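For reference, the chains in residue letters:
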Protein chains: 2
Amino acid sequence: LSLTTFPRPGDLEFVPLAIEPTDNGVIGRFTLEPKLARPDGALFGGTAIAASTTLMETATNAPALWITTQFVSSAVIGEELTLEANVVARGKRINQVQVNGRVGAKLVFTSIGSSALGREGGLDGQFLRMPDVGTPADAAPFQPGPRGMVDPESSFNRVSQFRQTALADAEKRTDGSMALWARTREGGLTPATISYLADMAPIAVARGAGKLGGGTSLDNSMRFGPDPSGGEWVLLEMHGHLALGGYGHASVHVWSEDGTLLAYGGQTANMRHVWDAG
Amino acid sequence: LSLTTFPRPGDLEFVPLAIEPTDNGVIGRFTLEPKLARPDGALFGGTAIAASTTLMETATNAPALWITTQFVSSAVIGEELTLEANVVARGKRINQVQVNGRVGAKLVFTSIGSSALGREGGLDGQFLRMPDVGTPADAAPFQPGPRGMVDPESSFNRVSQFRQTALADAEKRTDGSMALWARTREGGLTPATISYLADMAPIAVARGAGKLGGGTSLDNSMRFGPDPSGGEWVLLEMHGHLALGGYGHASVHVWSEDGTLLAYGGQTANMRHVWDAG
């Protein structure tokens, strides 16, 4: 049984969702504010997956296990988003949930995923090790965002902070491997907030091609490990895999400071914002 | 522009979908036959993602870019599945699509994903290299499936064939890394059929814990590279990442015989079928 209560208090500090129950789940509403937007004022994909994760957990009273969010259209600062979470299969331990996020009648994103209570004696273990990197204190400041739009006071830079650290050559799985320490100033570390922080993997696709910049996510997929417990920073170990006709695929491992694999994700992006280094 | 026509002929040889247009996409129907089922006679997850991929491409006349399929309930051999693909965003190049698979009124699975036409001059490149493994001819026979249910004439073993090959220690990214050569006797290699073949990653979660067996998928996510062109076998490079309370997360890279990264996927499973080696 899970001892956590849902929604997690930190999640509501991060995305101030007003939640009410429905026959088959919950509805949550929030107004898009700058900290939840991209530098251009549109909904940040990480916000959509974070709010969806919170609602999946709230609708089922169980921790999120995996989630994929599909970005269908856009929303801008000041608009109210209404998220409807429907439990399409409610099991003794495993639930399948779908979330539609809308502005008025317009579909903005859809999330699908599972929440699940652990089985006593069920298979347990972490099968890989964290890369050996320097501490956040020794890492270099890093501000994601399109070129010329990296105002530290706008957008996700209001509540999150990134620092780049070096991966040893042996730990670069691809030509597009890189690592960022990341933290949020609000909400602490939860599956929702680490999904928000991890929405950066397209940067690694650009790096794979020897470029700077990133892209616009078409989706964001996360698979969660143990609940984050303590620690302030997470390491985003990102790998760009391939690009094709202007689209790119990347993966991200999210590590706690003490080496626990908190989540593992994949992402596909439209690589619109790419430029030459130097 | 894509020169491929959709549905791809090989896909219809593999899953014999009867497809008709709707106002906002297509509907496809097929009857579940043994080759598309698990050894226990239930719908094989790989079939659901394969048929969804075919319908996404058909509804938009563009190649699949990524897809995630959520498994909600089950279907058994002899039942008719009706898949409804709706295009929720139709762009000049990028489409967002949702597919619901049902038996009668019962929701069996939901898929979300994008198809996209490449952009001339868009970012292109493969940023990692295929592991150095032996040929399919030198690999050892491997039959997936729960213990005691590996009849080569039933289920996916009717149309697909797997052979295990060794990964060098330096290429084992996790304790649960393993590699299988795989091919299908029908349909050839397409994004749909490689999604079918790649629905094996939970085996790598069991291996990570030093066990044999696998699990029941809760979802299957694939991100596609270039169209498979030629070659008969694909290499499934699988990595078990972690297990928690009986659930496990894994990833898979799908390689062509000539070293092209054809697809990259992630999967979460309920690790129900696990036993000690030896």
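Just above, that's the structure.
Just so it is clear, the structure is predicted and the values come from calculations on it, not from any experiment.

What counts as what
- Residues numbered from 1 in each chain as written.
- Chains lettered and ligands numbered in written order.
- Predicted model: local features only at pLDDT ≥ 70, side-chain atom pairs only at ≥ 80, totals over all residues.
- Heavy atoms only, no water.
- Helix = DSSP H or I, 4+ residues; strand = E, 2+ residues; numbered from the N terminus.
- Rg over C-alpha atoms; globule rule 2.2 N^0.38 Å.
- Buried < 20%, exposed > 50% of the residue type's maximum accessible area, 1.4 Å probe, protein only.
- Contact = heavy atoms within 4.5 Å.
- Areas by Shrake-Rupley, 256 points an atom, 1.4 Å probe, with all protein chains shown as cover.
- Lys, Arg positive; Asp, Glu negative; His and termini not counted.
- Charge placed at Lys NZ, Arg CZ, Asp CG, Glu CD.
- Least-squares fit on C-alpha atoms with pLDDT ≥ 70 in both.
- Buried area = accessible area lost by both parts, 1.4 Å probe.
- Salt bridge = Lys/Arg side-chain N within 4 Å of Asp/Glu carboxyl O.
- Polar contact = N/O pair within 3.5 Å; in protein donor to acceptor, adjacent residues only side chain to side chain.
- Phe/Tyr/Trp six-rings, centres within 6.5 Å; stacked < 30°, edge-to-face > 60°.
- Lys NZ or Arg CZ within 6 Å of the ring centre and 35° of its normal.
- Expected span 1.5 Å × (residues − 1).
- Core = buried A, V, L, I, M, F, W, Y, C linked by side-chain atoms within 4.5 Å.

A.B. asks: So what about the overall build of chain A? Which residues, and what values?
C.D. replies: Within chain A, the secondary structure is distributed over 4 helices and 14 strands. What you see for chain A is a C-alpha radius of gyration of 18 Å, in line with the 19 Å of a compact globule of 278 residues. When the backbone C-alpha atoms are referred to their principal axes, chain A occupies close to 55 × 45 × 35 Å. For chain A, the proportion of its 278 residues judged to be buried stands at 62%. Put simply, of all contacts in chain A between residues at least 6 apart along the chain, 68% involve residues at least 24 apart. Split by element, the accessible area of chain A, about 9800 Å² in all, is 48% carbon and sulfur. The average position of the 22 basic charges and that of the 28 acidic charges among the side chains of chain A differ by 4 Å.

A.B. asks: Describe the environment of Gly246 of chain B, naming the residues involved and giving the relevant values.
C.D. replies: Assignment of secondary structure puts Gly246 of chain B in the loop between strand E12 (234-244) and strand E13 (247-256). Overall, the relative accessible area of 0% leaves Gly246 of chain B in the buried class. Distance from Gly246 of chain B to Glu33 of chain B, taken between C-alpha atoms, is 30 Å for residues 213 residues apart in sequence. Apart from residues no more than four positions distant in its own chain, Gly246 of chain B is found in contact with Arg119, Gly122 and Leu123 of chain A together with Ala269, Asn270 and Met271 of chain B.

A.B. asks: Could you give me a rundown of the relation of the copies chain B and chain A, with the residues and numbers involved?
C.D. replies: With an RMSD of 0.0 Å, the fit of chain B onto chain A corresponds to turning through 180 degrees and sliding 0.0 Å along the axis. The superposition of one copy onto the other is thereby described by a two-fold rotation axis. Of the residues that chain B buries at the interface, 100% are likewise interface residues in chain A, meaning the two copies contact each other through the same surface.

A.B. asks: I'd like to hear about the interface of chain B and chain A, residue by residue, with values.
C.D. replies: Taken residue by residue, the interface counts 66 residues in chain B and 66 residues in chain A. For the pair chain B and chain A, the summed buried surface comes to about 5500 Å²; carbon and sulfur atoms form 59% of the total. At the surface where chain B touches chain A, the tally comes to 4 salt bridges. Between Arg129 of chain B and Asp175 of chain A there is a salt bridge, with its nearest N and O atoms 3.7 Å apart. On inspection of chain B and its partner chain A, the count reaches 49 residue pairs in polar contact (both at pLDDT 80 or more).

A.B. asks: Can you break down the packing of aromatic side chains residue by residue, with the values?
C.D. replies: Residue and element names in this part refer to chain A. In the structure shown here, the tally under the stated rule is 4 aromatic pairs over all chains. Look at Phe14 and Tyr196: their rings are 4.6 Å apart centre to centre, the planes differ by 80 degrees, and that puts the pair in the edge-to-face class. Of this pair, Phe14 sits in helix H1 (residues 9-14) while Tyr196 sits in helix H3 (residues 191-197), placing them 182 residues apart in sequence. The same class applies to Phe14 and to Tyr196, which are both buried. Stacked on the ring of Phe14, the Lys or Arg Lys35 has its end atom at 5.7 Å from the ring centre.

A.B. asks: Break down helix H2 (residues 45-60) of chain B for me, with residues and values.
C.D. replies: Residue and element names in this part refer to chain B. With 16 residues, H2 should cover 22 Å at 1.5 Å per step; its first-to-last C-alpha distance of 23 Å lies within 8% of that length. Burial analysis of H2 places 16 of its 16 residues in the buried class, the great majority of the element. Looking one or two places after H2, you find Asn61, whose phi comes out positive at around 55 degrees.

A.B. asks: Can you explain the side chain of Thr193 of chain B? Please cite residues and give values.
C.D. replies: As for its position among the elements, Thr193 of chain B is in helix H3 (residues 191-197). In this structure Thr193 of chain B touches Asp11, Phe14, Thr184 and Gly188 of chain B, once residues within four positions along its chain are discounted.

A.B. asks: Could you give an account of the pattern of salt bridges, naming the residues involved and the relevant values?
C.D. replies: Counted by the stated rule, this structure contains 20 salt bridges over all chains. For the salt bridge of Glu232 of chain B with Arg183 of chain B, the shortest nitrogen-to-oxygen distance reads 2.6 Å. Of this pair, Glu232 of chain B sits in the loop between strand E11 (211-224) and E12 while Arg183 of chain B sits in strand E10 (residues 176-184); the two residues are 49 residues apart in sequence, bridging distant segments of the chain. Judged by relative accessible area, Glu232 of chain B falls into the partly exposed class, the value being 43%. Bridged by salt links that share partners, the residues Arg8, Glu57 and Asp227 of chain A form one connected network.

A.B. asks: Describe the environment of Leu180 of chain B, naming the residues involved and giving the relevant values.
C.D. replies: Residue and element names in this part refer to chain B. Turning to its location among the elements, Leu180 is positioned in strand E10. With relative accessibility at 0%, the residue Leu180 sits in the buried group. In sequence terms Leu180 and Leu167 are 13 residues apart; their C-alpha atoms lie 9.7 Å from each other. Once you skip the residues sitting within four places of it in the chain, Leu180 turns out to touch Phe142, Phe162, Arg163, Gln164, Val234, Leu235, Leu236 and Met238.

A.B. asks: Give me unusual backbone geometry: which residues, what numbers.
C.D. replies: Residue Pro7 of chain A follows Phe6 of chain A across a cis peptide bond; omega there is -5 degrees. Secondary-structure assignment places Pro7 of chain A in the segment before H1. Residues other than glycine seldom take positive phi values, yet Asn61 of chain B does so here, at roughly 55 degrees. When you line up the elements, Asn61 of chain B lands in the loop between H2 and strand E3 (64-71).

A.B. asks: Go over the nonpolar core with me, naming the residues and quoting the values.
C.D. replies: Core analysis: the largest hydrophobic core is formed by 63 residues, its most contacted members being Phe30, Leu81, Tyr196, Val234, Leu236, Met238 and Val254 of chain B. In terms of residue count, the dominant contributor to this core is H2 of chain B (7 residues). Membership of the second largest hydrophobic core comes to 62 residues, among which are Phe44, Ala206, Leu236 and Val254 of chain A.

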